[in-house]
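Analysis of the macromolecular model
The lines below spell out each chain.
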Amino acid sequence: MSVHLLKSRNVVSHFRSKLGFLAITNQPTCWNTNLNHHFHTCSRSILQNLESPHEFLCENRNSLCFHRWESTMAEKHLNVTEHAMDYPGGKVKFTSDMSFIPGSPEERIHCYRVLDEDGHIISSSNFIEIGKEVAVKMYMHMVTLQVMDTIFYEAQRQGRISFYLTCIGEEAINIASAAALNFEDLVFPQYREPGVLLWRGFTIQEFANQLLGNKADYGKGKQMPIHYGSNKHNYVTISSTVGTQVPQAVGAAYSLKMDGKDACTITYFGDGGSSTADFHAGLNFAAVMEAPVIFFCRNNGWAISTPVADQFRSDGIVSRGQAYGIRSIRVDGHDAVAIYTAVHEARQMAIKEGAPVLIEALTYRAGHHSTSDDSTRYRSAREIEWWRGSQDPVSRFRKYIERKGWWSSEAESDLRANTRKQIAEAVQFAEKTEKPPVAAIFQDVYDVVPSNLREQEKLLRETISRHSKDYPSDVPV
Amino acid sequence: MWGIVSRTAVNRGFSVSKSQFRCLVQGARNFSSKEMTVRDALNSALDEEMSADPKVFIMGEEVGEYQGAYKITKGLLDKYGPERVIDTPITEAGFTGIAVGAAYHSLKPVVEFMTFNFSMQAIDHIINSAAKSNYMSAGQISVPIVFRGPNGAAAGVGAQHSQCYAAWFGACPGLKVLAPYSSEDARGLLKAAIRDPDPVVFLENELLYGESFPVSAEALDSSFCLPIGKAKIEREGKDVTIVTFSKMVGFALKAAEILEKEGISAEIINLRSIRPLDRATINSSVRKTNRLVTVEEGFPQHGVGAEICASVVEESFEYLDAPVERIAGADVCMPYAANLERLAVPQIEDIVRAAKRICFRSTSMAATG
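Fair warning: this is a prediction, and the values are worked out from it, not measured in the lab.

1. Focus: the overall build of chain B
The helix and strand inventory of chain B stands at 15 helices and 14 strands. Burial statistics for chain B: of 369 residues in total, 62% are counted as buried. Pairs at least 24 residues apart make up 80% of the contacts formed inside chain B by residues separated by at least 6 positions. Carbon together with sulfur atoms contributes 55% to the accessible area of chain B, which is approximately 14400 Å² in total.

2. Quick look at the overall build of chain A
Helix and strand content of chain A: 18 helices and 11 strands. Every one of the 477 residues in chain A was classed for burial, and the buried ones make up 50%. Long-range contacts, defined as pairs at least 24 residues apart, comprise 70% of the intrachain contacts of chain A with a sequence gap of at least 6. For chain A, the accessible area works out to roughly 23200 Å², and carbon and sulfur atoms hold 52% of it.

3. Re helix H9 (residues 245-258) of chain A
Residues and elements named next belong to chain A. Between the first and last C-alpha of H9 there are 20 Å, a value that for 14 residues agrees with the 20 Å anticipated at 1.5 Å per step. Extensive coverage of H9 is indicated by the burial of 12 of its 14 residues. Restricting attention to buried positions, one finds in H9 the residues Gln-245, Val-246, Pro-247, Gln-248, Ala-249, Val-250, Gly-251, Ala-252, Ala-253, Tyr-254, Ser-255 and Leu-256. Positive backbone phi, approximately 70 degrees, marks Gly-260, located one or two places after H9.

4. Considering a nonpolar patch on the surface
Residues and elements named next belong to chain A. Taken together, the side chains of Met-85, Tyr-87 and Val-92 make up a nonpolar region of the molecular surface, amounting to roughly 260 Å² of accessible area. Mapped onto the secondary structure, Val-92 falls in strand E4 (residues 90-95). The class for Val-92 is partly exposed, based on a relative accessible area of 40%.

5. Let's talk about the side chain of B:Ser285
Residues and elements named next belong to chain B. Relative to the elements of secondary structure, Ser-285 occurs in helix H12 (residues 279-289). Classification of Ser-285 as buried rests on a relative accessible area of 2%. A polar atom in the side chain of Ser-285 sits 2.7 Å from the side chain of Thr-241. With sequence-adjacent residues up to four places away left out, Ser-285 is seen in contact with Thr-241, Glu-267 and Ile-269.

6. So, the sheet that holds strand E7 (residues 200-204) of chain B
All names here are of chain B. As summarised here, the arrangement of the 7 strands in space is E3-E2-E4-E5-E7-E6-E12, forming an open sheet in which the pairing is mixed. In the strand order of this sheet, the two ends are held by strand E3 (85-87) and strand E12 (273-275), each with one partner. Along the sheet, successive strands turn relative to each other by an average axial angle of 20 degrees, direction set aside. Taken together, the 3 bridges between strand E4 (residues 108-112) and strand E5 (residues 146-150) define a ladder with parallel strand orientation. Counted as the bridge partner of Val-110 is Val-146 from E5.

7. Re the pairing of E5(B)
Residues and elements named next belong to chain B. Of all 5 residues making up E5, 5 are buried, and the element is well covered by its neighbours. Note that E5 and E7 share 5 bridges and pair parallel. Paired with Val-146 across the strands is Val-200, a residue of E7.

8. Quick word on the side chain of A:Arg192
Residue and element names in this part refer to chain A. Of note, Arg-192 is situated in the loop between strand E5 (186-188) and helix H7 (194-199). Buried and unpaired, Arg-192 has no salt bridge, with Glu-170 as the nearest side chain of opposite charge at 4.3 Å. Separated by 2.8 Å, the side chain of Arg-192 and the backbone oxygen of Thr-166 make a polar contact. Polar side-chain contacts of Arg-192 include one of 3.2 Å to the backbone oxygen of His-369. Every residue in contact with Arg-192, bar those within four places of it in the chain, is listed here: Leu-165, Thr-166, Cys-167, Glu-170, Asn-174, Arg-298, Asn-300, Arg-365, His-368 and His-369.

9. Some words on the UniProt feature "domain: Dehydrogenase E1 component" (unreviewed entry) in chain A
Per the UniProt record, the feature "domain: Dehydrogenase E1 component" (unreviewed entry) sits at residues 140-437 of chain A. Here residues 140-437 of chain A is 48% helix and 11% strand, with 36 Å between the C-alpha atoms at its ends.

10. As for the layout of surface pockets
Roughly 890 Å³ of internal volume is contained in the second largest pocket. Every residue lining the second largest pocket is counted, 35 residues in all, and those nearest its centre are A:Asn452, B:Arg275, B:Pro276, B:Leu277 and B:Arg279. Elements with a contribution of two residues or more to the lining of the second largest pocket: helix H18 (451-466) of chain A together with helix H8 (166-170), E12, H12 and helix H13 (304-316) of chain B. In the lining of the second largest pocket, the residues fall into 16 nonpolar, 8 polar and 11 charged.

11. Comments concerning the interface of chain B and chain A
Contact residues are listed per partner, giving 40 residues for chain B and 37 residues for chain A. Summing both partners gives a buried area of about 3100 Å² for chain B against chain A, and 63% of it is carried by carbon and sulfur. Our enumeration of links across chain B and chain A arrives at 1 salt bridge. Between B:Lys55 and A:Asp259 there is a salt bridge whose closest N-O contact spans 3.9 Å. The interface formed by chain B and chain A holds 14 residue pairs in polar contact (both at pLDDT 80 or more) in total. In terms of residue count, helix H5 (residues 92-104) of chain B provides more of the side of chain B that touches chain A than any other element does, 9 residues in total. By residue class, the composition of the side of chain B that touches chain A is 19 nonpolar, 14 polar and 7 charged.

12. Side note on the sheet that holds E5(A)
Residues and elements named next belong to chain A. Pairing is parallel in the open sheet, where 5 strands are placed in the order E5-E6-E7-E11-E10. Because the sheet does not close on itself, it has two edges, and the strands there are E5 and strand E10 (327-332). Within the sheet, the average angular offset between the axes of one strand and its neighbour, ignoring direction, is 20 degrees. Pairing analysis gives 3 bridges linking E5 to strand E6 (residues 265-270), with the strands arranged parallel. Bridged to Leu-186 within E6 is Thr-265.

13. What about unusual backbone geometry?
Between B:Arg275 and B:Pro276 the backbone carries a cis peptide bond, its omega angle lying at 0 degrees. Tracing the sequence through the fold places B:Pro276 in the loop between E12 and H12. One non-glycine residue, A:Asp444, lies in positive phi territory at about 70 degrees. Here A:Asp444 shows up in the loop between helix H17 (439-442) and H18.

14. Overview of the domain arrangement of chain B
Residue and element names in this part refer to chain B. On domain assignment, one finds that chain B holds domain 1 (33-220) and domain 2 (232-358). The C-alpha centroid of domain 2 is placed 26 Å from the C-alpha centroid of domain 1. The partner domain 2 presents 25 residues to the 28 residues of domain 1 that form the contact. Of the roughly 2000 Å² buried between domain 1 and domain 2 on both sides combined, carbon and sulfur atoms contribute 59%. Contact with domain 2 buries area across many residues of domain 1, yet Gly-156, Ala-179 and Tyr-181 alone supply 24% of it, more than any other trio. Here domain 1 is connected to domain 2 by 1 salt bridge. Notably, a salt bridge pairs Arg-272 with Asp-185, separated by 2.6 Å at the nearest N-O pair.

The rules behind the values
Residues numbered from 1 in each chain as written. Chains lettered and ligands numbered in written order. Predicted model: local features only at pLDDT ≥ 70, side-chain atom pairs only at ≥ 80, totals over all residues. Heavy atoms only, no water. Helix = DSSP H or I, 4+ residues; strand = E, 2+ residues; numbered from the N terminus. Buried < 20%, exposed > 50% of the residue type's maximum accessible area, 1.4 Å probe, protein only. Contact = heavy atoms within 4.5 Å. Areas by Shrake-Rupley, 256 points an atom, 1.4 Å probe, with all protein chains shown as cover. Expected span 1.5 Å × (residues − 1). Patch = residues over 30% accessible without salt bridge, like charges linked within 9 Å, V, L, I, M, F, W, Y side chains within 5 Å. Salt bridge = Lys/Arg side-chain N within 4 Å of Asp/Glu carboxyl O. Polar contact = N/O pair within 3.5 Å; in protein donor to acceptor, adjacent residues only side chain to side chain. Pairing = 2+ DSSP bridges. Axes fitted to C-alpha atoms, helices over the stretch in contact; angles between N-to-C directions. Lys, Arg positive; Asp, Glu negative; His and termini not counted. UniProt positions renumbered as here; feature names shortened; annotations may be inferred. 1 Å grid on protein atoms, 1.4 Å probe; cavity = no way out; pocket = protein on both sides within 12 Å on 5 of 7 lines; lining within 4 Å. Points joined across faces, edges and corners; volume = space filled by probe spheres on them. Nonpolar A, V, L, I, M, F, W, Y, C, P; charged D, E, K, R; others polar. Buried area = accessible area lost by both parts, 1.4 Å probe. Domains from an automatic or database assignment.

Here it is as structure tokens:
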């Protein structure tokens, strides 16, 4: 029987293309062949073995179950005929069973989780063991991010900065994803990922400088708060436009691939951002161009006041990966270990295979959209509190590292007190730092300041000196 | 002078093939000028820049296998391969975003829009992701990208394929906007655009692609480059300054010949660069002639002519002997029927009439021919 199979090229090529599909979906399926046999497979490694089907069939007989086809069984592919056609785009088999693929699966795509809510490793989890040093560093950064958010938010409320955006509930997404990347991987953020920059070494003072728009701000006071950016940290300056970073990340990934670098790009966006045209073009292109990019969706349930039910009707964003021919995974956004593992694996796949990967992290936006929003107007305070308390990724990870003996409540209170002090001082210092000089208005419009702007600057300075009483004396000229 | 000579060669259909061109380059130094179509000028500029810098690559719909919707990128896929000449899916927003991302990481994309009408689908990326990035990042992100393609009216393509975008893009800080007329303009400005570290919008004209112009030996050299922001005085004159760009330069030159016979000496300025606008050249010409006519195909309100007029009124008011005349496309969407289309864009007669009016030689405003 197997000898017959090997001689039949048709069968092998059917087998090859079908198994390719199987390897991607990791789900059982069945089809009809010349010999009316069913093949039931569940191993991803099959894909690699398709180069030499002969050896494969001999070695893997155990993993392939040969079942006799039962005509009375109501199977999905009940009336599949061998008749297939080579359409542009590939071979497609015909069926005389008219059935529509349902809009949503019976069961939603499962969510990968390693730590339960009490910080215990769920047994039989498949994950990367994070060493003590990295784990403690991750935890400390998650705490710093949390404290940073609290203090900067309060500073806005006090009128000291004009605007702020928190990432409460998404600390694990920020820090764990950053920890799993290399420093050279280029980051294209949306705006709720300052933790990635924090992980890479951006200091609290540097954050505060941008928020206050002073002369030490790398953005020279050109942008509103939270629009951080730093070339030397490989973190592309945040731009307010939603979703535009998605195709940009693809283009940059293509550039990295052309340079042959051992690096990928990662781009973050929310459930709302996934509705943009840029999302579609970005994912579609990345697949076609085979760009090494990780698409990281923070599905936190809300796009300002728009709940996901009004945003899309698909099974979240992970279900779209396959629509573009992209491998995807859904992870628990409150589980630092799961996120770390998924991003680490995604990075390997993206670079080795030059292929994009989609990760959807399910989480909840426990804070308001920004300081311009009061989310209790469209959702209950009780709901917010429940998520904030019971699903807090920071406490979950703390329980994990405490159990390992790597952390204590003393270290906790020290860290929080020190960080609070450091951040408050950074804000004060940033407030006292001079604003950028007048020349900064005219710089960086172009690579070289053009003559018309040099002229305007000259006129401005003349006006300032002529009417000096109309200009604040403490702002540098 | 050369403009007049080239007019006679316009519909000869003479074009230079790749192999003939190579010979021309070698032989060019022996002759004072050769003829070249705008299409070949653009193609040669792209070829040379791609050859000189491996970071330059082309992206757009139909640029590869199809050799370019207007054949501007002919032969480049074969020469440089699919990694450097990329055929994109139909999503201007998508491929523009991708090209900008590639530029963020130091590649030098040349993005082709099949026409600039389609650039509207990508305008968010052109302005918010490309033009403003250097400023918003305070110099950390530079975007050495070129957006090119045919702009303005073609022939019988209707409202959604005929708009001129010079004024819209020309308003944005962070962008450089160029509009070549002749083959020499096309070569020199495209090469300058590709080498420029800032984002450049390069507005070509479909009807000029097939036109032949003489090119000097200097212009055929691979290091040839024209300065961005400098207008060219195509024809010197002393009675009236006519400022224009792209296809209208050809019309203005023809109008100048007609005016010459009536004793009016017109100075024709080919802007070449919409942003930065060469205000110095425009103003010094007006200070010489004391009269200004601006000509453009685009819509009149907030057009390029409006900015030129404002500049001259602000800087050379005392020199004006007559109000400025703006000639622009009709303030309507472009109609399709040939007779209506002809009435909706400036014609040579409109330029002649305006010049005469401004010189107080005639009072007729109507387009009755």
